[in-house]
Amino acid sequence: MKKIFAALALSWCGLAAAGGLLVNGAGATFPFPLYSKWFSDYNKKLPDIKFNYQSIGSGGGIKQITERTVDFGASDAPMTDEELALAPGIVHIPTVMGAVVVTYNAPVEGLKLTPETLAGLFLGKITKWNDQALAKDNPGVKLPDGPVSVIHRSDGSGTTNIFTDYLSKVSPEWKAAVGAGKSVKWPAGLGAKGNEGVSGLVKGTPGAVGYVELAYANQNKLARAALRNKDGQFVLPSLEGTSEAAAGVPMPPDFRVSITNADGKTAYPMASFTYILVYKDQSDKEKGEAVLKFLWWAVHDGQAAAPALDYAPLPKAVVAEVEKKLESLTVQGKPVPLASSR
Amino acid sequence: MRAKSHLVRTVVNHTVTALCGLMVLLALLPLGSLLWLVISKGTPGLTLTFFTSLPTPVGEPGGGVGNAILGTASMVALACLIGLPVGIGAGVFLAERADNAFSRAVRFTAEVFSGIPSIVIGIVAYGLVVVPMRRFSGLAGGLALALLMVPSLARTTEELVRLVPVSLREASLALGISQWKTSLRIVLRTAAGGLLTAALLAIARAAGETAPLLFTSLNNQYWNFRPDQPTASLTVQIYNYAISPYEDWHQKAWSAALVLLLLVGLLNLAARYALRRSAAGGKS
Amino acid sequence: MVTARVHAPAGRQAGDRIWNGLLGLLGGAILLVVGVIVLELVEVARPVLKTGALGFLLGTDWDPVSGSFGALAFIYGTLVTSALAILVAVPVSVGLALFLSEMGPRQLRPVVSFAIETLAAIPSVVYGLWGLFVLVPWLRSDLEPFLGSVFGFLPLFKGPPIGLGYLAGGLILSVMILPTVASVTNEVLKTVPPALREGALALGATRWEAIRMAVLPYARPGILGATILGLGRALGETMAVTMVIGNSPEIHASLFAPGYSLPSVIANEFAEATGAVHAGALAGLALVLFGLSLVLNSLARLLVQVVARGPRGGRPA
């Protein structure tokens, strides 16, 4: 008996020692479908390095990297100045772009939403699908006589940040009543955890309306609404619309930017970059090198996987800036040669 | 008192009996529904791959909860390593020490705090272990589970030790055997059956916990053998699968739930068996 | 309890002293653990306690943007779901316990007893899974429309039937606390002196009358204790409730509306609460939860003890 125990303990320790390198990250659910593919592909390329990413929401990503309980964080919402003050030395690295779609579970063919009706829905003012305001913007579309169930995020979310950032720009009523942020005081509706939770609830609740990242809407075959962009055109979410939204906006040196309600005839109004958050100087040699090399791979080779999963690749100009930024980061004070590692 | 006819009273009696029977059915209905669904929806997914492989990324078929089973097992084992000695030891302390203010305080604390919500333990473990260690870890998860085990284990141990006849202890002491040998070899051995039952039940409870693991062990996509890294667990995995929008993840949730129920069920059966054996063994 | 002090040689005494010391240490460990828990919570909750505990308890705002946090919506949600759970679970448990101890056929007792123990062993997250995919759809398509059409004039049953909400939370809690309340009630009924029941039966009472006149009044404080114990358990249930309550930090009158409970909001928001105030607010909620469960547990044990010791003279109150 004792021998079996000893053998087990010994093999356990052996397995523990031989485990390879595990890098831990946590954060946004927005890019999770793409990130999980990236980490899986990267692990096939370099089997000894494993990236364990947990999608707990952008708020979680920011908090955990601030407390340094993870090796990198992920967020669609750029950190605010207050948050940056608590985590000196954090750098935002944009990885890919995505779009937030307004999705719904109602028998409506091609719903069009203006800023007024969108705000009205999420403020709890429009409570039935055949409300006058909706009918006005959707002439000729049959609207059912049923109650609207608003679904929002219950966790601190970058997706919420994009959504409320857009609404605050286009609806003064929303801006005054609620404002923008990763977590807001929702006037109406139910909360669900993560993009996963919201899409799950919308899918299962007749009459529901919510907001999720494009990949989730596509994967779950959820209907999406066309939004009126700054130029007055109703656009459906698309990768082209996302890329166009980024084209018009200048990128600041720290990459913290909002591209909602962007100019452009076919620009999609709720597009956004998503970021991985790392410290300027990586304290762990092995993990630091692994993270930086992965990021280099992600913004080059990884971009090819994005469109298939409904994410828009980074504009070339941004990639050039990211390259410079990555090369300026250090591991234990020393820079890491990246351009050669492909 | 107004005299009621015998017939009325008999009818009332039978009605109440029927009502009680109805209550039993009402109570058993959710249980039946739950077990039926877990078994019927979960069984198709129970392939060998399910038990032995890692979870696959979103959209890719296959995969399993092998690492989650290992994670739950390792964290529960860790919890036992810490929680069993402390819980049982504290229980022996309460049963054997003189009734002074200190032991009364310990007893009150153990009794009343055995009902502490597990989410609160999770927060405390986060602040005490995860933040200073700068990482999520199986150790933090195991510790949180141990914290949950200790108070109820202490109380149960105290009751079991008190059940051991005083004459046994006195006889041992009279024979010149030291106090500690008496406690350990004679008293605890006699109470061993009951202790085993209590321990198995505590383990079953720990294996089924989710809330304290959410911010201590986080989760992990890979096999993990190190206690200082995030660790997968069956319960957290079921939660993540259940609230997701993907049909195949829902299917995996049911299968994982079936695995969890089998695990917990086995532990409970073992506890029951241990109890029966200790009772049958008889006491002098 | 006699501990004979025998004159033992020095070696044996040393062993005993180490043993006693170790035991004392382990006993003290419990005090240490609990002390650490309380201190840690108070420490994290400091930002919120400083700005006024009463304001925090009664505040209805939960606004991470402006940093204004109040616990009332969650206390309300916890109390409503727990109250609903008790309302459903206690009558069922008493009926169940009576069935097990008095009224049911003897052959069925071990089966029912086993079933109840099985209910107790099922983990919370599995209840949540069942709740999400079975209870909630049933509420949405059957029970809530029914209640709405029959009792819709009451504010309790107004609003669209979404399935998720206070009602779902309360019902799932009732299933989860059923084993606790039923088994304690069963134990309490067992402690009733048989003479009481037999006396009533000897006087010609039917089984139910004997129970009503002799057993239940005696067991009343114990049943109350079981209820409070169940309430204590209901307060702390996290996963199953989180999955079905709808996560809306507001106070709604209707049972069909989504709500939020103390453990649920902590579970959802703790991992991401940046800023001392948000984290402090969550720790404050944990303290409220802790305090509530402490009070209820102590009360419950007191009541159960009262029955165990028996009222004066053993006569029904």
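Owing to the predicted nature of the structure, the values given are computational and were not obtained by experimental measurement.

Enquirer: Account for the overall build of chain C, with residues named and values stated.
Expert: The helix and strand inventory of chain C stands at 11 helices and two strands. Helices (α) and strands (β) of chain C occur, in sequence order from the N terminus, as α-α-β-β-α-α-α-α-α-α-α-α-α. In terms of its C-alpha atoms, chain C occupies a principal-axis envelope of roughly 70 × 65 × 35 Å. Within chain C, buried positions represent 56% of all 317 residues. In chain C, 19 side chains carry a positive charge and 16 a negative one; their mean positions are 16 Å apart.

Enquirer: Please give an account of the side chain of S172 of chain B that cites residues and values.
Expert: Residues and elements named next belong to chain B. Its place among the elements puts S172 in helix α7 (residues 166-174). Note on S172: relative accessible area 4%, which makes it buried. With residues up to four places along the chain from it excluded, the contact list for S172 reads I177, T182 and I186.

Enquirer: Lay out the domain arrangement of chain B in plain terms, naming residues and giving numbers.
Expert: Residue and element names in this part refer to chain B. Along its sequence, chain B is organised into domain 1 (6-45) and domain 2 (50-283). When each unit is reduced to the centre of its C-alpha atoms, the spacing between domain 1 and domain 2 is 32 Å. Opposite the nine residues of domain 1 that make contact, domain 2 presents seven residues. Regarding the contact of domain 1 and domain 2, the summed buried area is about 650 Å², with carbon and sulfur atoms giving 74% of it. The interface formed by domain 1 and domain 2 includes zero salt bridges. One can count two residue pairs in polar contact (both at pLDDT 80 or more) joining domain 1 with domain 2. Here the side of domain 1 that touches domain 2 is built from residues that sort into five nonpolar, three polar and one charged.

Enquirer: Mind laying out the interface of chain C and chain B, listing which residues take part and the relevant values?
Expert: Opposite the 78 residues of chain C that make contact, chain B presents 82 residues. Taken together, the connections running from chain C to chain B amount to two salt bridges. A salt bridge links E209 of chain C to R9 of chain B; the shortest N-O distance between them is 2.8 Å. Here chain C and chain B share five residue pairs in polar contact (both at pLDDT 80 or more) between them. For the side of chain C that touches chain B, the element with the most residues is helix α1 (residues 10-50) of chain C, which contributes 19 residues. Class assignment of the residues belonging to the side of chain C that touches chain B gives a composition of 52 nonpolar, 18 polar and eight charged.

Enquirer: Can you explain the interface of chain A and chain C? Please cite residues and give values.
Expert: With 29 residues of chain A at the contact, the number on the chain C side is 24 residues. Together chain A and chain C conceal approximately 1,900 Å² of surface at their shared face, both sides included; 55% is due to carbon and sulfur atoms. Applying the counting criterion to the chain A and chain C interface returns seven residue pairs in polar contact (both at pLDDT 80 or more). With five residues, helix α3 (residues 58-66) of chain A is the largest single contributor of residues to the side of chain A that touches chain C.

Enquirer: Could you give an account of the sheet that holds strand β11 (residues 234-235) of chain A, naming the residues involved and the relevant values?
Expert: Residues and elements named next belong to chain A. Pairing is mixed in the open sheet, where three strands are placed in the order β5-β10-β11. A single partner strand is all that each edge strand has here, and the edge strands are β5 (112-113) and β11. In this sheet, strand β10 (residues 226-228) lies alongside β5 in parallel orientation, the contact comprising two bridges. Bridged to K112 within β10 is A226.

Enquirer: Give me the lowdown on the confidence of the model for chain C, citing residues and values where you can.
Expert: Residues and elements named next belong to chain C. When pLDDT is averaged across chain C, the result is 86; 93% of the residues are at 70 or more. Note on residues 312-317: pLDDT is under 50 here. Beyond four places in sequence and across chains, it has four contacts. Across the interfaces of the predicted complex, the ipTM metric reaches 0.91, alongside a pTM of 0.90.

What counts as what
Residues numbered from 1 in each chain as written. Chains lettered and ligands numbered in written order. Predicted model: local features only at pLDDT ≥ 70, side-chain atom pairs only at ≥ 80, totals over all residues. Heavy atoms only, no water. Helix = DSSP H or I, 4+ residues; strand = E, 2+ residues; numbered from the N terminus. Buried < 20%, exposed > 50% of the residue type's maximum accessible area, 1.4 Å probe, protein only. Lys, Arg positive; Asp, Glu negative; His and termini not counted. Charge placed at Lys NZ, Arg CZ, Asp CG, Glu CD. Contact = heavy atoms within 4.5 Å. Domains from an automatic or database assignment. Buried area = accessible area lost by both parts, 1.4 Å probe. Salt bridge = Lys/Arg side-chain N within 4 Å of Asp/Glu carboxyl O. Polar contact = N/O pair within 3.5 Å; in protein donor to acceptor, adjacent residues only side chain to side chain. Nonpolar A, V, L, I, M, F, W, Y, C, P; charged D, E, K, R; others polar. Pairing = 2+ DSSP bridges. pLDDT = per-residue confidence, 0-100.

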